[in-house]
Amino acid sequence: MHGSQIDYRARAGYADRLILPPMRTRCAKKMTQSDLDNIKHEIPHQSPLQPVELDADSEIQFDCHKGISCFNACCRNIDITLMPYDILRLKRRVGLTSSQWVANFTVPYPMDAHEMPGLKMATKAGSSECVFLREEGCSVYEDRPSACRYYALGSMGVRRVASAKVDDIYFLVKEPHCKGHDEPKRLTVGQYRNSQGLEKYDEMNREWRDIVLKKRSAGPTIGKPSARSMQLFDMCSYDMDNFRDFIATDGFSQVFALDADEQTALMKDEDKLLLFACRFLKQVLFGEMTIAVKADGCRARLEKRRRASATSEQENADRE
Ligand code: SF4
Ligand code: SF4
């Protein structure tokens, strides 16, 4: 294994960073808000993450297979944060809409102090076992989430000082129950990622990760985000069925100038739709203009909002 020793708590020259997918680790106790804040902002003090930064060429020693003595141990006490592409894959697998899948198989949690909406994988009733775990193993293996694919690696998006770019770095996650580290197989991080089908997952989740990182980096400087921006974040992250309906509305086409071919492609292809949802979020949240807007439509919408707000103020005044 090669890599450089780093001190996370000293920030190690990073302008900001985000552990994604957050570690799929065991939790000995129920998490408090302060624990959650620590996990999102700093690697916890007793973290199983090994303090060595790895890249795609770094070599690790690890193997996981059905005959191993700890088979399924990592799925029996889970803490898995879900990412948008995880939800797309899993809801398609079981034939539910996004909102049905989210309602049945996830638990909401706040990703930051502004309550940016996050989702964790649900566990079986009265247990900390993953809902998809069966005696013979994972029942959704081909569509398992990114965090399950990464384990026993952790991945982190880091923005280095004076850089706008977010880089991917990796860490080994060593937990006592996981015997995969004692297996003789040696391979590079890149080979491990390929074996787990992570390229597609990372490609699909990368823009979203950048949005989360950027939104969090902005922190108190832009104040508390509006309820509307949180609703948009929620829909664009976790509800592609609703987002598809949204871009088919007159209100959307009044403001945004999508050409007919692009609109058709988005209606047919949910992967494309998710990438477009991230562009839309970046435009709405950070003003990164990649979707053409219609000046007349924007003016008409602003005027409509102004009239609605004036009417509501008048109604409040009349009531007093
Ligand atoms: S989705 Fe599958 S691999 Fe992931 S924790 Fe659940 S059972 Fe285990
Ligand atoms: S080797 Fe590690 S990842 Fe594989 S089943 Fe055992 S605990 Fe899970």
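As shown above, the structure is provided for reference.
Calculation notes
Residues numbered from 1 in each chain as written. Chains lettered and ligands numbered in written order. Predicted model: local features only at pLDDT ≥ 70, side-chain atom pairs only at ≥ 80, totals over all residues. Helix = DSSP H or I, 4+ residues; strand = E, 2+ residues; numbered from the N terminus. Buried ≥ 20, exposed ≤ 12 C-beta atoms within 10 Å, placed from the backbone. Contact = placed C-beta atoms within 7 Å. Near = placed C-beta within 6 Å. Nonpolar A, V, L, I, M, F, W, Y, C, P; charged D, E, K, R; others polar. Axes fitted to C-alpha atoms, helices over the stretch in contact; angles between N-to-C directions. Parallel < 35°, antiparallel > 145°, perpendicular 65-115°, else oblique. Left-handed = near helix turned anticlockwise from the far one by under 90°. Pairing = 2+ DSSP bridges. Core = buried A, V, L, I, M, F, W, Y, C linked by C-beta atoms within 7 Å. Domains from an automatic or database assignment.

What follows deals with the overall build of the protein chain. A tally of regular secondary structure across the protein chain gives 12 helices and 11 strands. When each of the 320 residues of the protein chain is scored for burial, the buried share is 28%. Taking the contacts inside the protein chain whose residues are at least 6 apart along the sequence as the reference set, 76% of them involve residues at least 24 apart.

Before going further, it helps to spend a moment on the site of ligand 1. Neighbouring ligand 1 are the residues Cys 75, Ile 78, Cys 130, Phe 132, Leu 133, Cys 138, Val 140, Arg 144, Pro 145 and Cys 148. Looking at the shell around ligand 1 residue by residue, the class counts come to 9 nonpolar, no polar and 1 charged.

A word on the site of ligand 2. All residues adjacent to ligand 2 are Cys 64, Ile 68, Cys 70, Phe 71, Ala 73, Cys 74, Tyr 151, Ala 152, His 177, Cys 178, Lys 179 and Gly 180. Its residues placed into classes, the shell around ligand 2 shows 9 nonpolar, 2 polar and 1 charged.

This next bit is on the packing of helix H7 (residues 227–238) against helix H11 (residues 270–286). In the contact formed by H7 and H11, the axes pass within 10 Å of each other and the chain directions differ by 165°. On the basis of their axis angle, the class for H7 and H11 is roughly antiparallel. The interaxial crossing formed by H7 with H11 has left-handed handedness. Within the contact between the two elements, H7 uses Ser 229, Leu 232, Phe 233 and Cys 236 and H11 uses Ala 277, Cys 278, Phe 280, Leu 281, Val 284 and Leu 285. Of the residues assigned to the contact of H7 with H11, the class counts are 9 nonpolar, 1 polar and no charged.

Turning our attention to the pairing of strand E10 (residues 166–172). Note on strand geometry: in a regular strand, side chains alternate between the two faces of the sheet. Counting buried residues along E10, 5 of its 7 residues qualify, which places the element largely inside the surrounding structure. Pairing between strand E9 (residues 153–160) and E10: 7 bridges, direction antiparallel. Directly across from Gly 157, in E10, lies its bridge partner Asp 168. Taking the residues between adjacent antiparallel strands as the criterion, E9 and E10 are bridged by 5 residues, where Ala 162 takes a positive phi near 65°.

Positionally, His 114 belongs in the loop between strand E5 (106–110) and strand E6 (117–121). Taking the C-alpha atoms as reference points, His 114 and Pro 225, separated by 111 residues in sequence, lie 7.2 Å from one another. Residues within four places of His 114 in sequence aside, it is in contact with Lys 224 and Pro 225.

What follows concerns the environment of Ile 169. Inspection of the secondary structure assignment puts Ile 169 in strand E10. For Ile 169, a count of 20 C-beta atoms within 10 Å puts it in the buried group. Through-space distance from the C-alpha of Ile 169 to that of Ser 155 is 5.8 Å; in sequence the pair is 14 residues apart.

Following the sequence through the fold, Pro 84 ends up in helix H2 (residues 84–94). Discounting chain neighbours no more than four positions away, the residues touching Pro 84 are Asn 205, Trp 208, Ser 237, Tyr 238 and Leu 274.

Our focus in this paragraph is the packing of helix H8 (residues 240–247) against H11. Following both chains from N to C, one finds H8 and H11 inclined at 75°, their axes separated by 10 Å at the closest point. On the basis of the axis angle, H8 is roughly perpendicular to H11. Across the interface between the two elements, Met 240, Phe 243 and Arg 244 from H8 touch Glu 270, Leu 273, Leu 274 and Ala 277 from H11. Classifying every residue of the contact of H8 with H11 gives 5 nonpolar, no polar and 2 charged.

Here the residue pair Tyr 151 and Ala 152 is connected by a cis peptide bond, since its omega of 10° sits within 30 degrees of zero. Mapped onto the elements of the fold, Ala 152 is located in the loop between helix H4 (146–150) and E9. In this structure, Asn 72 takes a positive phi of about 80° despite not being glycine. The residue Asn 72 is located in the loop between strand E4 (59–61) and H2 in this model. Taking the number of C-beta atoms within 10 Å as the measure of exposure, Asn 72 has 16 and is therefore partly exposed. If you check the backbone angles, Glu 115 has positive phi at about 60° while not being a glycine.

To continue, consider the nonpolar core. Grouped together as the largest cluster of nonpolar side chains are 56 residues, with contacts concentrated most on Tyr 151, Leu 153, Cys 236, Leu 274 and Ala 277. Looking at this core element by element, the count peaks at 7 residues for H11. Both of domain 1 (8–211) and domain 2 (239–320) provide at least three residues apiece to this core. In this structure Leu 274 touches Pro 84, Tyr 85, Leu 88, Met 204 and Met 240, once residues within four positions along its chain are discounted.

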